[in-house]
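# A look at the structure
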Amino acid sequence: IKIQVDGSWVELSESQILKHPGGPVITQYSDAEATHMFHAFHAGSTKAYKQLASILKTSKLGEIESKELEEAQLRKTDSKDVNISTYDISIEQEQKMAQSFEELRQEVTRRGWMEGAPLYFVWKLVEMVFQLTLVVWLQSHQWYLTSAVMLGVAWQQLGWLAHEFCHQQPFKNRETNDILGLLLGNVAQGYSRDWWKNKHNTHHAATNIVDQDGDIDLVPLFSLIPSDLKKYKESIEKFILKIVPYQHLYYTLALPLLRYSWWSQSLTFAFSEQNSEYRVYRRNALGEQLGLAIHWSLVFLQLYYLPSNTMRIVYFLISQSLAGLLTGHVVTYSHNSVDKYPANSRLLNNFVALQILTTRNMNPSGFIDWFWGGLNYQIEHHLFPTMPRCYLPACSILVKKFCTDNGLEYMVDDYITGYTYNLEQLERIARIAAVKE
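Small disclaimer: the values here were computed from a predicted structure and weren't measured.

## Comments concerning the UniProt feature "domain: Fatty acid desaturase" (unreviewed entry) in the chain
- In this structure's numbering, the residues bearing the UniProt feature "domain: Fatty acid desaturase" (unreviewed entry) are residues 145-411.
- Note that residues 145-411 is 63% helix and 1% strand, and that its end C-alpha atoms are spaced 38 Å apart.

Here it is as structure tokens:
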């Protein structure tokens, strides 16, 4: 693949791609500008910057080929469709925006907001130990349903914390973050760390870009864009297509299923990692699999100590479904409520516009900042994914000014407003599905 970084086009071999520590996410930027995406993912990684310097020396493309690639970018055009917007910022505006964002990136770095927050995250780890201890204590005192509810909340909060360790936010030492990410994700939460990174990093790299961001491909239960309706080919999928005209009505009822989907995907991914073409996954396979095995052993051990099979089933369904609902209502808010962009959109070359135009923030408060794990500041998180959540409120002030100065809309709403936009997007496709039925 060929990518542009720091003004230079370079070509990466298949061997270099397969050895990439982040897995296949790097392929999302084939024939695209990736400077600020590189900085966003690798802030604080001395090793990554050394590797980049080496690649810029040894794999740099010639002037003629580089010019051809840049001209190809200019020929890209977007086609508007239902729930799909077009990108029309000029090259001159892009360049000004990129320079302005580089100044913002340097400012947040100067303020120390990219240096981790060890004490904050030690406190968050203590908080999680307390929550899980409370779950066990409630169960041991026969408060079974309360324990199940508390476990659902704990799994939601563990999700935010594991997410932060996977983004390398807490500590400067990336190996420490990775190990704790494995413990919090695989062992405590039941989600594969590597599955999550693969899925989530791709989402960050190509947010709301059709055919690239897996988070907006929810077929067969939901269709977010017209082309999704062409994906229903198997018999069971065609059967499910008959209920898609009502997707805006059953959407909320389906949110609890998110946890079941994620842990089943995690198991499938982790127990096939040893066969992956990517070196990082083959290396991590055993640890990933052991982590998930420990998680499910603990889940079944806990269920074993409940008094009856009925209570075991009720406890399992409450804890799992509540965790899905509490997580789902957050992670579907910021991007599903915003328009998507075509697969070949030039927007992919404008990192800062990509993140801002495809993301909606939720109005903050002390409780929401805790309950949502800082993801109510989704715009800031997407611009600076390695920034600890405790700095996001202050960062949002700078980002709002950046948006004003550069003519970008800073989308922030209350939950009901964003939720309504989400349902409206679903309903527009539901109407198309109803006509085709």
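## Here's the deal with the packing of aromatic side chains
- Inspection of the entire model under this criterion finds 29 aromatic pairs.
- Measuring from centroid to centroid gives 4.8 Å for Trp263 and Trp296, while their planes differ by 70°, and the two rings are edge-to-face. Note that Trp263 is positioned in helix α12 (residues 257-270) and Trp296 in helix α13 (residues 279-304), a separation of 33 residues in sequence. Across the pair, exposure class does not vary: Trp263 and Trp296 are buried alike.
- Both rings, one in Tyr415 and one in Tyr419, keep their centres 5.8 Å apart while their planes meet at 25°; by these two values the pair is stacked. In this pair, Tyr415 and Tyr419 are both assigned in helix α20 (residues 415-436), four residues apart and thus about one turn of the helix distant.
- When its relative accessible area of 21% is taken as the criterion, Tyr419 is described as partly exposed.
- Aromatic rings pair up to connect Phe222, Tyr250, Tyr251, Tyr333, Trp372, Tyr415 and Tyr419 into one cluster.
- In this structure, Arg259 packs its charged tip against the face of Trp155, placed 4.0 Å from the ring centre.

## Describing the layout of surface pockets
- The computed volume of the second largest pocket comes to approximately 970 Å³.
- If you trace the second largest pocket, you find 45 residues lining it, with Lys199, Leu218, Leu258, Trp262 and Val331 closest to the centre.

## Concerning helix α3 (residues 46-58)
- A rise of 1.5 Å per residue sets the reference length of α3, with its 13 residues, at 18 Å; its end C-alpha atoms lie 19 Å apart and thus fit the reference within 8%.
- Turning to α3, its buried residues are Ala48, Leu52 and Ile55. Burial along α3 is one-sided: seen end-on, the buried residues are contained in an arc of 65°. Summarising the geometry of α3, the exposed residues directed more than 90 degrees from the buried face are Thr46, Lys47, Lys50, Lys57 and Thr58.
- Where α3 is buried, its residues contact β1 (2-5), β2 (8-11), α1 (14-18) and α2 (35-42).

The rules we used
Residues numbered from 1 in each chain as written. Predicted model: local features only at pLDDT ≥ 70, side-chain atom pairs only at ≥ 80, totals over all residues. Heavy atoms only, no water. UniProt positions renumbered as here; feature names shortened; annotations may be inferred. Helix = DSSP H or I, 4+ residues; strand = E, 2+ residues; numbered from the N terminus. Phe/Tyr/Trp six-rings, centres within 6.5 Å; stacked < 30°, edge-to-face > 60°. Buried < 20%, exposed > 50% of the residue type's maximum accessible area, 1.4 Å probe, protein only. Lys NZ or Arg CZ within 6 Å of the ring centre and 35° of its normal. 1 Å grid on protein atoms, 1.4 Å probe; cavity = no way out; pocket = protein on both sides within 12 Å on 5 of 7 lines; lining within 4 Å. Points joined across faces, edges and corners; volume = space filled by probe spheres on them. Expected span 1.5 Å × (residues − 1). Arc of directions from axis to C-beta. Contact = heavy atoms within 4.5 Å.

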